[in-house]
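Coordinate inspection notes
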Amino acid sequence: MTIAVAIGLCAALAFCLLGAQIGQRLPPATATVMLVLGNVCVAGATAVVLATVAFTAFAQLPLVAATGDWSSQILRTTDPVPIWIATGCGLLLVPVVVLLFRALAARVRAITQWYRMCWRMEHVGRLIVVDDERPEAFATPVGRGRIIVSTGMLRALPADERRALLAHEASHVSRGHAWWLMAADLAAAVNPLLNANARAAHNTVERWADEDAARKVGDREVVARSLARAALTTQETKPQLAPVLAAASGRVGERVRALLAAPPRFRLLPAVALLVLTGITVGCAATVLNHADTFLDNASVPSDSQDFDTVAHASR
């Protein structure tokens, strides 16, 4: 079990440190999917390993052992993990749970507030036009997705760039980008080492929407101009309620340069690298869980007349 824990943690650490850099070598849609799913898998696997290792110590408490029909003496004798490591894993779980529930509660509150706001706004399809001179344009996933744009932003852009801007925001809604980002952010709340990957996912979803808009408009340069002009005209005041996806957010300069270049191509090696790191992490977590299950099964109190020494010997 200890070897599986060590290999799994090394793979998870490599994904945390290298995921964002590897994702830059992939098309934005592929990068988003692999980074977000990787974040969720690595965070889940990390939590499973911590909980499983911690339980090897928790199960040795007499009351817990009695509840599970285990022999606490056999558990102590055959424990595959040093007690101090198991205790440390248990202590690490406390902030993990707290951070997860805090992040989840904040997003539930934000979504509830957006539902209330959008419910009162007049809309045409998914589009809500707000009479406001401040240039603003963003998408929110509530109400099956809404695109909110101000009259100030519409006046600031010529017709072709308005079409590109709305196509960008429509991509956020149709692709469910806000939910992808929420999953990445919640995973990063469980494992803060995944924050860099979550930030990278925020940029790749914007690039994903840029590419969708370029295909729909049929002119990458128009989308680039729309993005640059929107970024220049957007006020410093941003919507404070998450989750929202604004066209002029993220690394605008990098996005404009990407739009002025050729469409990105899929590369096999970076995708395989992310897949391998994620797979090793999940596989090691499954191995740890299986070893812990065997460890507890071997410590079960026999129902026949078999004596303790025989059971203890068999459990080794």
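Keep in mind that this is a model prediction, so the values were computed, not measured. (Residues numbered from 1 in each chain as written. Predicted model: local features only at pLDDT ≥ 70, side-chain atom pairs only at ≥ 80, totals over all residues. Heavy atoms only, no water.)

1. Quick look at the overall build of the protein
- For the protein, the helix and strand inventory stands at 13 helices and four strands.
- In summary, the protein has a C-alpha radius of gyration of 25 Å against a globular reference of 20 Å for 316 residues, an excess of more than 25%.
- Over its C-alpha atoms, taken along the principal directions, the protein stretches across nearly 85 × 45 × 30 Å.
- Within the protein, the fraction of its 316 residues that count as buried is 47%.
- Put simply, 75% of the contacts in the protein that link residues at least 6 apart link residues at least 24 apart. (Helix = DSSP H or I, 4+ residues; strand = E, 2+ residues; numbered from the N terminus. Rg over C-alpha atoms; globule rule 2.2 N^0.38 Å. Buried < 20%, exposed > 50% of the residue type's maximum accessible area, 1.4 Å probe, protein only. Contact = heavy atoms within 4.5 Å.)

2. Some thoughts on the packing of helix 9 (residues 195-217) against helix 11 (residues 252-260)
- At a minimum axis distance of 11 Å, the contact between helix 9 and helix 11 shows a crossing angle of 35°. Viewed along their axes, helix 9 and helix 11 form a crossing whose handedness is right-handed. Residue-level inspection shows Asn203, Glu206, Arg207, Asp210, Glu211 and Ala214 of helix 9 in contact with helix 11, the latter providing Glu254, Arg255, Ala258 and Leu259.
- Looking at the contact of helix 9 with helix 11 residue by residue, the class counts come to three nonpolar, one polar and six charged. (Axes fitted to C-alpha atoms, helices over the stretch in contact; angles between N-to-C directions. Left-handed = near helix turned anticlockwise from the far one by under 90°. Nonpolar A, V, L, I, M, F, W, Y, C, P; charged D, E, K, R; others polar.)

3. Description of the pattern of salt bridges
- For the structure shown, the criterion picks out 14 salt bridges.
- One salt bridge connects arginine 225 with glutamate 221, and the closest N-O pair in it is separated by 3.7 Å. One end of the pair, arginine 225, and the other, glutamate 221, are both in helix 10 (residues 220-233), four residues apart, so they sit about a helical turn from each other.
- For the salt bridge of glutamate 254 with arginine 251, the shortest nitrogen-to-oxygen distance reads 3.6 Å.
- Here glutamate 254 falls in the partly exposed class, since its relative accessible area comes to 31%.
- We classify arginine 251 as partly exposed; its relative accessible area is 40%.
- Through salt bridges with shared partners, a single ionic network connects Asp160, Glu161, Glu221, Arg225 and Arg229. (Salt bridge = Lys/Arg side-chain N within 4 Å of Asp/Glu carboxyl O.)

4. Some thoughts on the sheet that holds strand 4 (residues 245-246)
- One open sheet accounts for four strands, arranged 1-3-2-4; its pairing is mixed. Edge positions in the sheet fall to strand 1 (127-130) and strand 4, since each of these pairs with one other strand and no more.
- Where strand 2 (residues 137-140) lies against strand 4, two bridges are found, and the strand directions are antiparallel. Its bridge partner lying in strand 4, phenylalanine 138 is registered against alanine 246. (Pairing = 2+ DSSP bridges.)

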